[in-house]
Amino acid sequence: MQLDNLYQEVILDHYKRPEHKGLSHLSDVQVHHVNPSCGDELTVNLSLVDGTIVLSWDGVGCSISMASASMMAGLLTGKSLQQAGEVVDAFISLMQSKGTQSGDEEVLEDAVAFAGVSKYPARIKCALLGWMAFKDAAVQVQGKKSLGSES
Ligand code: ZN
């Protein structure tokens, strides 16, 4: 896989020094996602505190999956579910672009480093693992919150 050197560095940096890694005790929902084709595994804890996302995660896997989860957690923490949904959609559309998009840096920040990965179908699932786990968790947390005291 050939990626722009700068992008490769950004990805390796997040792999070596991941953000929000280590599951916090604070969690409204916990999801566990696996990517069998590569062997990546990820657990995401999501909480909503006053409508604001608090994320933590842990996992094992390739540098792409772990770096992507780190960026996802860094980008989405502190946002509302609606704001986060827009970022997630932008990342998913970038990963489905087969290398034709470079990504909006205003929205995706460091995660534009994955633009080149979208040319490698085998690695797209690695890059999307954390984001799909968040999406799943977001749906569950909304269900839980709307049930209110009945849950
Ligand atoms: Zn992987």
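Please refer to the structure higher up on the page.
Residues numbered from 1 in each chain as written. Predicted model: local features only at pLDDT ≥ 70, side-chain atom pairs only at ≥ 80, totals over all residues. Heavy atoms only, no water.

A.B. asks: How should I be thinking about the sheet that holds strand E1 (residues 29-35) in this particular structure?
C.D. replies: What links the strands of a sheet is backbone hydrogen bonding, and the strands pair in either a parallel or an antiparallel sense. Taken together, three strands build an open sheet; the order of strands is E1-E2-E3 and the sheet is antiparallel. The open sheet has two free edges, formed respectively by E1 and strand E3 (52-60), since each of these has just one partner strand. On average, each strand axis in the sheet is inclined to that of its neighbour by 20°, with strand direction left out of account. The sheet contact formed by E1 and strand E2 (residues 40-49) spans seven bridges and is antiparallel. Bridging from a neighbouring strand, His32 pairs with Thr43 of E2. (Pairing = 2+ DSSP bridges. Helix = DSSP H or I, 4+ residues; strand = E, 2+ residues; numbered from the N terminus. Axes fitted to C-alpha atoms, helices over the stretch in contact; angles between N-to-C directions.)

A.B. asks: Before we go on, may I ask you to explain the nonpolar core in this structure?
C.D. replies: Nonpolar side chains tend to gather and get buried jointly when the protein is soluble and globular. Leu46, Leu55, Leu76, Phe91, Phe114 and Phe134 are the most contacted members of the largest nonpolar core, which has 48 residues in total. Looking at which element gives the most residues to this core, the answer is helix H5 (residues 121-147), with eleven residues. Look past the residues within four positions of Leu55 in its chain and what remains in contact with it is His20, Val44, Asn45, Leu46, Met72, Ala73, Leu76, Thr77 and Phe134. (Core = buried A, V, L, I, M, F, W, Y, C linked by side-chain atoms within 4.5 Å. Buried < 20%, exposed > 50% of the residue type's maximum accessible area, 1.4 Å probe, protein only. Contact = heavy atoms within 4.5 Å.)

A.B. asks: In this structure, what is going on with the coordination of the zinc ion? I would like to understand it.
C.D. replies: Octahedral metals with six donors have ideal donor angles of 90 or 180 degrees. Tetrahedral metals with four donors have an ideal donor angle of 109.5 degrees. For the zinc ion, the full set of protein donor atoms is Cys38 (SG), Asp40 (OD), Asp40 (OD), Cys62 (SG) and Cys126 (SG), and the range of their distances to it is 2.2 to 2.8 Å. For Cys126, a relative accessible area of 0% corresponds to the buried category. (Donors = N, O, S within 2.8 Å, 3.2 Å for Na, K, Ca; no water.)

A.B. asks: Got a minute to help me understand the side chain of Ser56 in this structure?
C.D. replies: Its location among the elements puts Ser56 in strand E3. Setting aside its immediate chain neighbours within four residues, Ser56 contacts His20, Gly22, Leu23, Ser24, Thr43, Val44 and Asn45.

A.B. asks: Got a minute to help me understand the packing of helix H2 (residues 63-76) against helix H3 (residues 81-95) in this structure?
C.D. replies: Relative orientation and spacing of two packed helices are given, respectively, by the angle between their axes and the distance between those axes. Running from N to C, H2 and H3 point in directions that differ by 150°, and their axes come no closer than 10 Å. The angle between H2 and H3 falls in the class roughly antiparallel. With respect to the hand of their crossing, H2 and H3 are arranged in right-handed fashion. Between H2, through Ser68, Leu75 and Leu76, and H3, the contact on the second element is made entirely by Ala84, Val87, Val88 and Phe91. Of the residues belonging to the contact of H2 with H3, the class tally is six nonpolar, one polar and no charged. (Parallel < 35°, antiparallel > 145°, perpendicular 65-115°, else oblique. Left-handed = near helix turned anticlockwise from the far one by under 90°. Nonpolar A, V, L, I, M, F, W, Y, C, P; charged D, E, K, R; others polar.)

A.B. asks: It is not clear to me how the pairing of E2 should be interpreted in this structure. Could you clarify?
C.D. replies: Here is the key point about a regular strand: its side chains alternate between the two faces of the sheet. Counted residue by residue, E2 has eight buried out of ten residues, so it is predominantly covered. Linking two consecutive strands that pair antiparallel, namely E1 and E2, is a turn of four residues; a positive phi of about 90° is found at Gly39 within it. Pairing of E2 with E3, which is carried by nine bridges, proceeds in the antiparallel orientation. Note on E3: the bridge partner recorded for Glu41 is Val60. In textbook terms, the turn of a hairpin is the stretch between consecutive antiparallel strands, and for E2 and E3 this stretch comprises two residues, one of which, Asp50, has a positive phi near 50°.

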